[in-house]
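Working through the structure, step by step
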Amino acid sequence: MYSLEIEGGEKLSGELQVSGSKNSALPLIASTIISKNSVSINNIPDVVDIRTLVKLIEMLGGETNFDSNRLEINTSKVTKTKATYDIVRTMRASILVLAPLLARFGHCEVSLPGGCAIGSRPVDLHLKALQEMGAVIEIEDGYIKAKAPDGLVGAEITFEKKTVTGTENLVMAGALAQGKTTLFNSALEPEVIQLCEVIRDAGVQIDGIGTETLTIYGTGGELLDFQTIDVIPDRIEAGTYLCAGAITNSQITLTSVEPKHIEATIDKLEEMGFRFDISEDRVTIFPAKKIKPVNIVTAEYPLFPTDMQAQFVALATQADGVSRIEERLFENRFMHVNELQRLGAEIDIDKNYVEVHGLGELRGADVMATDLRASSALVLAGLVATGTTKVHRIYHLDRGYENLEEKLNALGAKVKRIRD
Ligand code: EPZ
């Protein structure tokens, strides 16, 4: 196992290039299952979750070549349709192969992803929607066993609540269905929009891209002709590094970023006193004269993202006053709080709501990463804590942050990866 050892107190400066979006690349990789041709995908972040999904595609019979952020993938030789527990349990987004496998082969078995640290993470909305398209689905021995021997049939579907991967699965199902599928209350995340655009460019008519109502005119089972794909920038990685600049009260510039996708994050940082220079694909953050407290409620895109909540709890420890942060999407997404308290943070927690009492000095200590975004919050706190902070179990970080210590050290931080 590895840890990150962080010497706190360094100011940051310089430029950092944002990687491609993990949460856009994952559905795009899964969607190649419904492609008739080999697909080239550029700007893929080399992180563990991507390598896990690439491995799953290979286990199903696909051919892949992943080199310097470019992935060539050919699924014409895929014959297997079972995504086994051993791989799905390591990455619940494997659920994204469910709809493409079912749409292409008429049957598949996908292990129930199970919960993860931040919550039970059910997939009931995915399954209910596929059943409305004619799929027969049973849960047996921990597996989702889905059948649609005559193919999926277009339907009018309303998601009871917005689900990112649920919308993505159903867009892929609708692409190959017979007839028209309308998805009401679809998620609006940029990653959902990129998947829709890629499938539209592969020959499927999709109306309403970027709105909550998507209408997909399926091919009736004919595979798609994918064009080369360039993955959009990772808006959560970008937000995390803006928080690195903010927590150390430094000036840094992010390049290859999509400012539109991080508006909610920038708005909250501006409320806290930070200023910005924003151009087409670059964002510079400037130090705040005084870091002000902030009130945050997490919600679906385009509102404040749950994936940035932990980072802002860490940042709020440096604010002059009390910040109030409420987590509305996941039932257990405050595990970073106990660890931040070990660094001296004064945080009161009450179910899905925290009050962060700022300006308490953080002092370096050993802390434990628990999930992807919580671990990034601990790294941010380590950047500003006096002395040395050691973040254990950083395999959580490696799932979604490419070259994290190299990127931070290039900005002047002192972060070392050490074997436990
Ligand atoms: C996606 O997860 C992201 N993952 C998550 O990012 C992100 O936190 C989440 O969306 C919310 O924005 C990927 O895109 C790979 P949801 P997803 O379905 O799709 C409930 C990260 O850090 N729900 O939008 O699994 C669910 O419990 C990860 O990169 C159901 O009840 O999230 C949650 O409360 C962590 N039934 C809410 O909806 C379902 O069938 C939103 O979940 C599906 C979801």
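Located above this text is the structure these notes cover.
Attention in this report is confined to the structure presented alongside it. Counting starts from 1 at the beginning of each chain's written sequence and moves along it residue by residue. Note on the predicted model: pLDDT of at least 70 is required for a residue's local features to be given, and 80 or more for side-chain atom pairs to be given and counted; whole-chain, interface and lining totals, by contrast, use all residues. Derived side-chain values reflect all non-hydrogen atoms in the structure, with water molecules and hydrogen atoms excluded from consideration.

Of the grid points, spaced at 1 Å and generated over the protein atoms alone, those admitting a 1.4 Å probe that cannot get out make up cavities, while open sets with protein on both sides within 12 Å along at least five of seven lines make up pockets; any residue with an atom within 4 Å of a point is treated as lining. Grid points are joined across faces, edges and corners, and a volume is the space filled by probe spheres set on the points. By volume, the second largest pocket is sized at about 150 Å³. In terms of lining, the second largest pocket is formed by 13 residues, of which the most central are Gln17, Val18, Ser19, Asn43 and Glu402. Polarity classes work like this: nonpolar for Ala, Val, Leu, Ile, Met, Phe, Trp, Tyr, Cys and Pro, charged for Asp, Glu, Lys and Arg, and polar for all others, with Gly in that last group. Residue composition of the lining of the second largest pocket, by class: 4 nonpolar, 7 polar and 2 charged.

In total, this model carries 3 cavities of 30 Å³ or more according to the counting rule given. Within this model, the largest cavity holds a volume of roughly 40 Å³. Taken together, Leu125, Lys128, Ala129, Glu132, Ile157, Thr158, Phe159 and Glu160 make up the full set of residues lining the largest cavity. At the level of elements, helix H5 (124–132) and strand E10 (156–158) are the ones that each hand at least two residues to the lining of the largest cavity. The element that contributes the greatest number of residues to the lining of the largest cavity is H5, accounting for 4 residues. Its residues placed into classes, the lining of the largest cavity shows 4 nonpolar, 1 polar and 3 charged. Segments assigned H or I by DSSP are reported as helices when at least four residues long, segments assigned E as strands when at least two residues long, and all are numbered from the N terminus.

Helix H6 (residues 164–176) packs onto H5 with a crossing angle of 25° between their chain directions and a minimal axis gap of 9 Å. In terms of their interaxial angle, H5 and H6 are classed as roughly parallel. Judged by the sense of rotation from one axis to the other, the crossing of H5 with H6 is right-handed. Here His126, Ala129 and Leu130 of H5 come into contact with H6, specifically with Thr165, Gly166, Asn169, Leu170 and Ala173. Residue composition of the contact of H5 with H6, by class: 4 nonpolar, 4 polar and no charged. The axes are straight lines fitted to the C-alpha atoms, using for helices just the contacting stretch, and the angles between their N-to-C directions are given from 0 to 180°. Here is the rule for angles: anything less than 35 degrees is roughly parallel, anything more than 145 is roughly antiparallel, 65 through 115 is roughly perpendicular, and the remaining ranges are oblique. When the near helix sits turned anticlockwise from the far one by under a right angle, the crossing is termed left-handed; a clockwise turn instead gives a right-handed crossing. It only takes one pair of heavy atoms within 4.5 Å for two residues to be counted as in contact.

Now for unusual backbone geometry. Here the bond from Tyr301 into Pro302 is cis, since omega is 10°, no more than 30 degrees from zero. One can find Pro302 in the loop between strand E18 (295–297) and helix H10 (309–316). A positive phi angle, close to 50°, is found at Asn249, a residue other than glycine. Structurally, Asn249 is set in the loop between helix H8 (235–247) and strand E15 (251–255). Although it is not a glycine, Arg393 sits at a positive phi angle of roughly 60°. In this structure, Arg393 sits in the loop between strand E23 (388–392) and helix H13 (395–398).

A word on the environment of Cys196. Among the structural elements, Cys196 can be located in helix H7 (residues 190–201). Burial here depends on accessible area, computed with a 1.4 Å probe over protein chains only, as a share of the maximum for the residue type. Under 20% is buried, over 50% is exposed, and the range in between is partly exposed. The class of Cys196 is buried, set by a relative accessible area of 1%. Between the C-alpha atoms of Cys196 and Lys268, which are 72 residues apart in sequence, the distance is 29 Å. If we skip the residues at most four places from it in the chain, Cys196 touches Val171, Ile206, Ile209 and Leu214.

A word on the pairing of strand E21 (residues 353–357). What you see with E21 is a clean split: Val354 and Val356 sit on the buried side and Tyr353, Glu355 and His357 on the side with no burial. Two elements, strand E19 (residues 322–326) and E21, share 5 bridges in a ladder whose sense is antiparallel. Bridge pairing in E21 places Arg324 opposite Glu355. By this definition, two strands are paired if DSSP reports at least two bridges between them. Counted along the chain from strand E20 (residues 346–350) to the antiparallel partner E21, the turn is 2 residues long, and its residue Lys351 has a positive phi close to 55°.

Here the focus is the sheet that holds E20. The strand order across the open sheet built from 4 strands is E18-E19-E21-E20, with neighbouring strands paired in mixed fashion. Taken across any chain shown, the strands that pair with only one partner, and hence form the sheet edges, are E18 and E20. In this sheet, neighbouring strand axes are inclined to one another by 15° on average, regardless of whether the strands run parallel or antiparallel. For E20 and E21, the ladder comprises 5 bridges, and the chain directions are antiparallel. The residue of E21 that forms the bridge with Asp350 is Tyr353. Those strands touched by H10 are E18, E19, E20 and E21, and its axis lies near 170° from that of E19.

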